[in-house]
Amino acid sequence: DSVFDILESYTFINPQIYGSLTNPEKLHTLSGSDFYDIGVSKQISPDPNESTFSNNENLVVELKNYGSLDFSAGDSVEVYYQARRKGITLTSGSKHFVFSNDFISGDTVNFNMATSLNMNDTGYYNFTFYTNLLNDVDKSNDTLITQVLHNPVQTPIWTVDPSAFQYSSFLTAR
């Protein structure tokens with residue numbers, strides 16, 4: 001059996017890079033149940049659950065081994081990234097991640113891309129991260145797309161100056 005029998009017409013989110021499963025030269029076939037499959041499973045930084053960011057936010061993602069085969073220490077994968085705000089690309093590129101230890105099936109590892117991003121401006125930031133491994137059999141879990149809102153909550157500063165108020169007391173007789 002091959003992966004094409006299972007996912008015959010699936011098209012990837014990044015067809016310009018991955019193509020489609022209808023192009024057999026893009027993927028290796030599976031033999032048995034052993035296969036490589038790695039993807040970006042989570043954005044660690046900038047944390048999508050936060051609302052305040054700085055001018056020096058590191059790009060950090062979590063990679064997951066979805067496959068049945070382990071990666072050995074020294075194996076590597078290319079991880080691509082893009083950050084956009086208001087339709088403008090702020091940063092994009094790729095980084096080579098080399099596993100320092102064996103990467104066991106089902107495990108996750110954080111990857112700091114050693115790339116910083118200025119997120120001082122308020123508003124929405126859109127991120128795309130994906131892995132590119134030649135013999136990855138399931139490209140559908142390679143890509144992570146997130147949106148982060150920089151909306152700092154500012155506590156108002158209240159000051160009361162008693163001299164700014166005028167007090168008067170008077171009695172009225174009837």
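One can find the structure itself at the top, above this paragraph.
Residues numbered from 1 in each chain as written. Predicted model: local features only at pLDDT ≥ 70, side-chain atom pairs only at ≥ 80, totals over all residues. Heavy atoms only, no water.

Draft legend 1. Quick look at the environment of Asn118. Tracing the backbone shows Asn118 in the loop between strand E5 (108–117) and strand E6 (123–132). Residue classification places Asn118 among the partly exposed residues on the basis of a relative accessible area of 44%. When the C-alpha atoms of Asn118 and Phe53 are compared, they prove to be 8.4 Å apart, with 65 residues separating the residues in sequence. Other than its neighbours up to four places away in sequence, Asn118 contacts Ser54, Asn55 and Tyr125. Reaching out from Asn118, the side chain makes a polar contact with the backbone nitrogen of Asn120 at a distance of 2.9 Å. (Helix = DSSP H or I, 4+ residues; strand = E, 2+ residues; numbered from the N terminus. Buried < 20%, exposed > 50% of the residue type's maximum accessible area, 1.4 Å probe, protein only. Contact = heavy atoms within 4.5 Å. Polar contact = N/O pair within 3.5 Å; in protein donor to acceptor, adjacent residues only side chain to side chain.)

Draft legend 2. Summary view of the sheet that holds E5. Ordered by their spatial adjacency, three strands build an open sheet running E1-E2-E5, and the pairing between neighbours is antiparallel. Lying at the two open borders of the sheet, with one neighbouring strand each, are strand E1 (38–45) and E5. On average, adjacent strands in this sheet sit at an angle of 30° to one another, irrespective of strand direction. Bridging between strand E2 (residues 57–65) and E5 involves seven bridges; their strand directions are antiparallel. What sits directly across from Leu63, in E5, is Val109. (Pairing = 2+ DSSP bridges. Axes fitted to C-alpha atoms, helices over the stretch in contact; angles between N-to-C directions.)

Draft legend 3. Quick look at the packing of aromatic side chains. All chains considered together, the criterion is met by eight aromatic pairs. Judged by centre distance (5.0 Å) and plane angle (10°), the ring pair of Tyr80 and Tyr130 falls under stacked. In this pair, Tyr80 sits in strand E3 (residues 76–85) while Tyr130 sits in strand E6, placing the two residues 50 residues apart along the sequence. On the basis of relative accessible area, Tyr80 is assigned to the partly exposed category, the value being 23%. With a relative accessible area of 11%, Tyr130 lands in the buried category. Ring centres of Phe97 and Phe99 lie 5.1 Å apart, and the angle between their planes is 90°; on these two criteria the pair is classed as edge-to-face. Across the pair, Phe99 and Phe97 agree in class, each one buried. (Phe/Tyr/Trp six-rings, centres within 6.5 Å; stacked < 30°, edge-to-face > 60°.)

Draft legend 4. Just the side chain of Thr128, in detail. Within the secondary structure, Thr128 sits in strand E6. When sequence neighbours within four positions are dropped, the list of residues in contact with Thr128 reads Tyr80, Tyr81, Gln82, Thr143, Leu144 and Ile145.

Draft legend 5. Just the sheet that holds strand E4 (residues 88–98), in detail. Spatial ordering of the open sheet is given by E4-E3-E6-E7, a layout of four strands whose pairing is antiparallel. Every other strand in the sheet has two partners, leaving E4 and strand E7 (143–150) as the edge strands with one partner each. Taking each pair of neighbouring strands and ignoring which way they run, the sheet shows an average axis angle of 15°. Bridging between E3 and E6 involves seven bridges; their strand directions are antiparallel. Bridge pairing in E6 places Tyr81 opposite Phe129.

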